[in-house]
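# Examination of the molecular architecture
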Amino acid sequence: MLEDLDQMLAWLLAALIRPTSGLYGEYDLRPGDRDPAPEAPARYGGQERPELTGTTHVRDLHRDLRELGFLLAPADATTFTTATWLAVMEFQRYASLPDSATEREPGRATLTEGMAADSPVLKAGPRSAFPAAPPFRVCVDGEVLEVGGVTADGFGVTRGVQDTVAAAHAAGAEVELIRWSDRLVPVPARFYERYAEPITGVVNPWTRFVLRRWKQRRRRCPIVVEAWDLRDNQPDRLHRMTDGRAGNAEASNIEAGNAGANDVEAGSVEAGGVWAGNVWGREVTANGPRFYVRDLTRTWPRPARPPVAPAHPELDVAGDWRVLGTPPPDVPPDWQGPRSWPEFGHTWRPEGEMLPEHLLPAPGHDGSEGGGGRGPTLRELLDAADRAPLSTYKVVRAVSEVEAVGYFDGLNAYDRAFVSLGPCHWTAGLAAGPAPGAAVGEAELPGFLAYLKATDRVAFAEAVGRFGIDVALAWGANGAALFDENQRKYTSRPAVPQEGGGRRPLATVEEYDMFRGWHWFYRFQMAARTVDGFRRAMWPMARLRIRDIGETPWDAPAGPPTWTVPSPDGPRPARVKEVVTSERGMALVYRWHIRAPANMVSGGRAGPVLRGVHEAAVKEDPAAFAGTPDTWGDAAERALVAELRKQGGGSIEEVHEWPRLASRRRGFTLPVELLPEASDGGGRRLAVARGSFELDTSGLPFPPL
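Below or above, wherever it landed, is the structure these notes cover. Residue positions are given per chain, counting from 1 as you read along its sequence in written order. Restriction of local features to residues with pLDDT of at least 70 applies here, the model being predicted, together with a cutoff of 80 or more for giving and counting side-chain atom pairs; totals for whole chains, interfaces and linings are based on all residues. The basis for every side-chain value is the complete set of heavy atoms in the structure, and neither hydrogens nor water enter the calculation.

## What about the overall build of the protein?
Runs of E in the DSSP output that reach at least two residues are strands. Runs of H or I that reach at least four are helices, and both are numbered from the N terminus. If you tally the helices and strands in the protein, you get 19 helices and 33 strands. What the globule rule says is 2.2 Å times the number of residues to the power 0.38, and the radius of gyration is computed from C-alpha atoms. In summary, the protein has a C-alpha radius of gyration of 29 Å against a globular reference of 27 Å for 705 residues, a match within 12%. Once the C-alpha set of the protein is aligned to its principal axes, its extents read approximately 90 × 65 × 55 Å. Across the protein, contacts joining residues at least 24 apart in sequence account for 68% of those joining residues at least 6 apart. The accessible surface values rely on the Shrake-Rupley method and a 1.4 Å probe; as for residues, cover is taken only from the protein chains in view. Accessible surface, the protein: about 27500 Å² in total, of which carbon and sulfur atoms supply 53%. Charge convention: Lys and Arg are scored as positive, Asp and Glu as negative, and His as well as the terminal groups of each chain are ignored. Here the site of a charge means atom NZ of a Lys, CZ of an Arg, CG of an Asp or CD of a Glu. The centroid of the 81 positive side-chain charges in the protein is displaced by 2 Å from the centroid of its 93 negative side-chain charges. What makes two residues a contact is simply this: any of their non-hydrogen atoms within 4.5 Å.

This is the structure in structure tokens:
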């Protein structure tokens, strides 16, 4: 209590005067700073300081960050790199939370008595070095023992687990917890212990002040990502890395556990390798392990649900690691990263499924900020007088099963788009190439986040805002500033706060790569699982895409229109929505526009592939296309759908056949058997009849054009 009072007084003085810490010469370390070297003078706080010799402020920062569990920081590096900047931001993010973790004191135990090879009892202490409740695993002289119970004079253990051999051990032998997360204890972070400034990645006075507190109190990163080898599709043991590079060809000295200030603690050391105990990025690139998260905070409100791993209810499943393509041996892949697929047990089922009750607004609510409640079920959509929500949901759901495997938490972060999520799998950015300095273009995930921020600021803050991510452009009334007229989509960039005010859009691969790391992957995943407003904002954003595609003129402004159709305001040139009018047809166009927008819409008019589809359909059945689109019948619609299917490839086929090709392994619970039989006898599928698609436009902002 007295120490807390001292800390409160220290915080009050810091708030009234200036935070001081005694760390790093009180310099605001930032990208480009460096310790002095024969070839270059010291640079601290963004200024050359040739008068300083023998200082090690940047190296000390790296060692401190790694001691606290932020392994993005290069080990013992003397230059403040982009990796350092990312690590400092991660520290600022976690130091902002109301929950933290502290390392057990002491961190290791020893045998208090010798242990025979067949002894079922481990006598070791102090007890404070161990978790309060079994099961947990320890390592003694290379042997792994599972602690299954507590006895009066020790711990009941199973000997020689994880393919190790039971052996005798002498008194005084070190007993080490295998899991880094077992060494941590959750603790609250009081207001006077937390970082409350913008997350800039600069080691400003408040960062140093809080970091010193973390060091003094043995605070550690409270969210730990673990790589587990499986048995019977359940986590069995922490993955062991035998390669000294820890699976990371680009950062050979990044370990998978937690690094001390003066030594390396790579998770736990085992003969032949290290156990992957705290993974941030490319430390583990094997495709066998499954990644789980042990979250010691209350950052994400978890619904009551069965654990994904009954033997380890403390774990949240995250996904696995995927390498895109098959690079030659000894050649690092251009693109790799996490993914989460329901087939492999990576998603929450059924809570993560894109059911209408999770996606659509609650009845009587327009979907704006502060809604909540439960959306309509499929049965309720079928019974409703308004057919548009059901028709639109079927189209969105069919395409989501291709894009997002039908799950909010079905993400991928293994390609040049960095991370993709949502029913359209909006991407964070599109890289020009794999080089760290390569440019990254604008993309649709920041566009969605801009919409979310404009319509539900609470959900935006819960999902990304509290972690220091903003958007470069404001949505405004209708997204006009983000709207790409050429391809009819909304794009922007993520932005980060700058020291001194303002924000800076991210621009290069090495900056965007933060979203490929496991901690950001987990944040997006948990937002998709638990932030109601984040999920429900996807419904209007998906519908905006369909609306804007449909409103695209078939022809360019110059020249006479191909067709003129009637409208309430008088005759006008035809638009895409007058040419393709069925549920199945619009779903195919919608899916194709996500995959390759310019094929469907280009130059603000119907794109070359879509126009080619029409031309091919006319050749097959000219009589069906006599007159203007408002006079065409079912034969014309079927011909258009057939050509879209013929030219579209595998993913188009999946949408065309929805829901008949849905994988049983995905665990879908949507009761598609409730859907009525299609009028064409094709089963419970998207309707192909002319005019069968009805777009739900309720609550949408007015068009940007």
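## Observations regarding the packing of aromatic side chains
Only centres within 6.5 Å qualify two rings of Phe, Tyr or Trp (six-membered ring in Trp) as a pair; their planes then separate them into stacked at under 30 degrees, edge-to-face at over 60, and tilted for everything else. For the coordinates displayed, the defined rule picks out 33 aromatic pairs. Between the aromatic rings of Tyr 27 and Tyr 44, the centroid separation amounts to 5.4 Å while the plane-to-plane angle is 20°, which identifies the pairing as stacked. Taken together, the residues span a long stretch of sequence, with Tyr 27 in the loop between helix H1 (2-16) and strand E1 (42-44) and Tyr 44 in strand E1 at a distance of 17 residues. Accessibility classification places Tyr 27 together with Tyr 44 in one group, the buried group. In this scheme, a residue with accessible area under 20% of its type's maximum is buried, one over 50% is exposed, and one in between is partly exposed, where area comes from a 1.4 Å probe on protein chains only.

## Focus on the layout of surface pockets
Residues are called lining when one of their atoms sits within 4 Å of a cavity or pocket point, these points coming from a 1 Å grid over the protein atoms alone, where a cavity is a set in which a 1.4 Å probe fits but cannot get out and a pocket is an open set with protein on both sides within 12 Å along at least five of seven lines. Grid points are joined across faces, edges and corners, and a volume is the space filled by probe spheres set on the points. Approximately 630 Å³ is the volume attributed to the second largest pocket. In terms of lining residues, the second largest pocket is bounded by 32 residues, among which Glu 403, Ser 420, His 425, Thr 427 and Ile 594 are the most central. Elements with a minimum of two residues in the lining of the second largest pocket: helix H7 (388-403), strand E22 (426-427) and helix H15 (583-595). Broken down by element, the residue count for the lining of the second largest pocket peaks at three residues, all from H15.

## What about the environment of Leu 421?
Within the secondary structure, Leu 421 sits in strand E21 (residues 420-421). Classification of Leu 421 as buried rests on a relative accessible area of 0%. Not counting chain neighbours up to four residues away, the residues in contact with Leu 421 comprise Leu 411, Trp 426, Leu 445, Phe 524, Phe 534 and Met 538.

## What about the pattern of salt bridges?
Close approach of charged atoms allows side chains with opposite charge to pair. For this analysis, a salt bridge means a side-chain nitrogen from Lys or Arg found within 4 Å of a carboxyl oxygen belonging to Asp or Glu. Tallied over the full model, the rule gives 60 salt bridges. Here Glu 174 and Arg 108 are joined by a salt bridge, their closest N and O atoms 3.3 Å apart. With Glu 174 in strand E10 (residues 174-177) and Arg 108 in the loop between strand E3 (99-103) and strand E4 (109-111), the pair connects residues that are 66 residues apart, well separated along the chain. Taking relative accessible area as the criterion, Glu 174 reaches 43% and is therefore assigned partly exposed.

## Topic: the environment of Arg 208
Here Arg 208 is to be found in helix H4 (residues 205-216). A relative accessible area of 0% places Arg 208 in the buried class. Separated by 322 residues in the primary sequence, Arg 208 and Thr 530 have C-alpha atoms spaced 33 Å apart. Discounting residues that sit within four places of it in the chain, Arg 208 has contacts with Arg 18, Ser 21, Leu 23, Tyr 24, Glu 26, Tyr 27, Asp 28 and Val 203. For the purposes of these results, a polar contact is taken to be a pair of N or O atoms within 3.5 Å, where, inside protein, one atom must be able to donate a hydrogen and its partner to accept one; residues adjacent in sequence count only when each atom of the pair is a side-chain atom. For Arg 208, the side chain forms a polar contact with the side chain of Asp 28, separated by 2.7 Å.

## Considerations on the side chain of Glu 657
With respect to the secondary-structure elements, Glu 657 resides in the segment after helix H19 (650-656). A polar side-chain atom of Glu 657 sits 3.5 Å from a polar atom in the side chain of Arg 645. Leaving out residues up to four positions away in the same chain, Glu 657 has contacts with Arg 645 and Arg 685.

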